[in-house]
Amino acid sequence: MSSDPAADVAQAVAALDALTRKLRVECPWDREQDERTIVPHTLEEAYELADAAHRRDDAKLLDELGDVLFQVHFLALLLEERGAGSLAQVAEHVRQKLIRRHPHIFGAVRVADAGEVLANWDAIKSTESDREPGIFGEVPENLPALLYARKIQRRTATSGFDLDEPPYAAVGGMLEELEAAGDPDARYVAAGDLLFAAVNVARKLKVDPELALRSSADRFRARVEAAERLAEADGARWNDLQTRRQITYYAQARLQEED
């Protein structure tokens, strides 16, 4: 790397762009792709990037950022082939958007904290001419459920319909409704309401519900695997154990985790 980071970036991005164009022309698989067939790979790479970031694995983060960057180049190239845009237009579009949504940096607006920055962002976003109208304009319906719920809640909050404090009581109320639900339809609705209320609490606490739930699932998985190893050390097969003994091994695994 040189002493000029901007020049390094320009050179590396240009090299990646040239490679992307070469693959599009010469690779049979790349030639067959369009935006609909590529997007599943884009989503997969985005999830792998999020996992690397959550694990604070810098080497993996570097690798996954490259994969996502390639996805951006490839999708931009598809736009270019249709005469609908280019990588340069993508970069300039987002640059102008960021300038517009940061008036406290590029204008005369003053802010006291990050909360005001976010409020300004949402207010500016809602007035942009190319946005779909309404509180929920351009909320993608194909988002993962937890992120979709948070997005709906956040958009609602920007309209002023929000509580000052995390709604812990709502979670308790929804849990009571679920316990009282007497038929499958009622349980379906109540379970959804409980999850929605839990996402709302996470949002107020500035906790990403998707990453928090994934982390919890990972911890549970690790504990069950540790419990299985403890059982095997005692000469028992996990699947043959009664639930009570499985719970005992699971508790032991949790205690070892805390040591």
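Every value quoted in this text rests on a predicted model; they were computed, and no experiment measured them.

As for the layout of surface pockets
Approximately 720 Å³ is the volume attributed to the largest pocket. Around the largest pocket, the lining comprises 21 residues; the ones closest to its centre are Leu 118, Asp 122, Arg 154, Arg 203 and Lys 206. Sorting the residues of the lining of the largest pocket by element identifies α7 (114–127), α8 (145–158) and α10 (184–204) as the ones contributing at least two each. No other element matches α8, which puts 6 residues into the lining of the largest pocket. Residues belonging to the lining of the largest pocket are distributed by class as follows: 9 nonpolar, 2 polar and 10 charged.

A look at the pattern of salt bridges
Taken as a whole and assessed by the stated rule, the structure comprises 18 salt bridges. Across the pair Glu 80 and Arg 21 runs a salt bridge whose closest N-O atoms are separated by 2.7 Å. With Glu 80 in helix α4 (residues 58–81) and Arg 21 in helix α1 (residues 5–26), this residue pair connects regions lying 59 residues apart in the sequence. The residue Asp 162 makes a salt bridge to Arg 203 at a minimum N-O spacing of 2.8 Å. Within this pair, whereas Asp 162 is found in the loop between α8 and α9 (168–180), its partner Arg 203 is found in helix α10, the two being separated by 41 residues in sequence. Judged by its relative accessible area of 16%, Arg 203 is buried. One connected set of salt bridges, linked through shared partners, spans Asp 17, Arg 21 and Glu 80.

Considerations on the nonpolar core
Counting 10 residues, the largest nonpolar core consists of Ala 226, Ala 227, Leu 230, Ala 231, Ala 236, Trp 238, Leu 241, Tyr 249, Tyr 250 and Ala 253. Looking at this core, the elements that each hand over two or more residues are α11 (209–233) and α12 (243–258). Among the elements that take part in this core, α11 stands out by supplying 4 residues, more than any other. Look past the residues within four positions of Ala 227 in its chain and what remains in contact with it is Trp 238, Tyr 249, Tyr 250 and Ala 253.

Analysis parameters
Residues numbered from 1 in each chain as written. Predicted model: local features only at pLDDT ≥ 70, side-chain atom pairs only at ≥ 80, totals over all residues. Heavy atoms only, no water. 1 Å grid on protein atoms, 1.4 Å probe; cavity = no way out; pocket = protein on both sides within 12 Å on 5 of 7 lines; lining within 4 Å. Points joined across faces, edges and corners; volume = space filled by probe spheres on them. Helix = DSSP H or I, 4+ residues; strand = E, 2+ residues; numbered from the N terminus. Nonpolar A, V, L, I, M, F, W, Y, C, P; charged D, E, K, R; others polar. Salt bridge = Lys/Arg side-chain N within 4 Å of Asp/Glu carboxyl O. Buried < 20%, exposed > 50% of the residue type's maximum accessible area, 1.4 Å probe, protein only. Core = buried A, V, L, I, M, F, W, Y, C linked by side-chain atoms within 4.5 Å. Contact = heavy atoms within 4.5 Å.

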